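Residue-level structural notes
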Amino acid sequence: MYESGGEAAKQNYWLREIITANKNAGNQRTDRTQYLAAKASYTLAVSVYAQYKEIRLVEPLQANMKKKKKVMKEALRVFQESAGYGVAEVATASTFHVAEIYNQFATELMESDRPGGLSEEELEQYDILLEDQAYPFEEKAIEIHETNSGRVAEGIYDVWVRKSFSALITLLPVRYAKVERGEAYIDVSR
């Protein structure tokens, strides 16, 4: 109700109340209260993710980098907390978003504003330095998307697992964008 009315503060209050009620339920905790707490936790995490995406790595670069990293840490924490409830649909969604946070950070790092006054050679060295810093984040994104896509072996194949597969096609096309080739054959047993 508060979500549809655009009253985020009231919505967030009740989401936190659901989480608290589940934590304090003790032996009265049920699968349903656990599910509701997981969904509430995930909804709160998505709002932190939206804040993360709004921060751009533009001048003043140092200040914006500091803000971005702070919100990034919080977003990672709340998504990992959401995944910890053990509700499959929330875990796959949260895992997908964690991977995307790392992937977006790597991309934004490479697209960030460059300091003014650099010579062509200095700019080239700066770009190489950025690539070195972005690479571990991209690798972490791949690793987490692979974890999410690996849930297929557990019988979980939802929209978030499919999105992880799609992301892997872009991030690691050599492995995931393969096209199967087959041979035409004639069935002679008939």
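Residues numbered from 1 in each chain as written. Predicted model: local features only at pLDDT ≥ 70, side-chain atom pairs only at ≥ 80, totals over all residues. Heavy atoms only, no water.

1. Quick word on the pattern of salt bridges
Applying the stated criterion to the full structure yields eight salt bridges. Note that glutamate 143 is salt-bridged to lysine 140, the shortest N-O span being 3.8 Å. One end of the pair is glutamate 143 and the other is lysine 140, both in helix H5 (residues 120-149) and three residues apart, which spans about a single turn. With relative accessibility at 44%, the residue glutamate 143 sits in the partly exposed group. Owing to a relative accessible area of 32%, lysine 140 belongs among the partly exposed residues under this scheme. Each of Arg56, Lys68 and Glu108 takes part in a single network of salt bridges with overlapping partners. (Salt bridge = Lys/Arg side-chain N within 4 Å of Asp/Glu carboxyl O. Helix = DSSP H or I, 4+ residues; strand = E, 2+ residues; numbered from the N terminus. Buried < 20%, exposed > 50% of the residue type's maximum accessible area, 1.4 Å probe, protein only.)

2. Quick notes on the packing of aromatic side chains
Using the criterion set out here, one finds eight aromatic pairs in the structure. Considering the side-chain rings of tyrosine 157 and phenylalanine 165, the 6.4 Å spacing of their centres and the 55° angle between planes classify their relative orientation as tilted. Site record: aromatic cluster; members linked through ring pairs are Tyr42, Tyr49, Tyr52 and Phe79. Cation over ring: arginine 162 sits above tyrosine 157, and NZ or CZ is 5.4 Å from the ring centre. (Phe/Tyr/Trp six-rings, centres within 6.5 Å; stacked < 30°, edge-to-face > 60°. Lys NZ or Arg CZ within 6 Å of the ring centre and 35° of its normal.)

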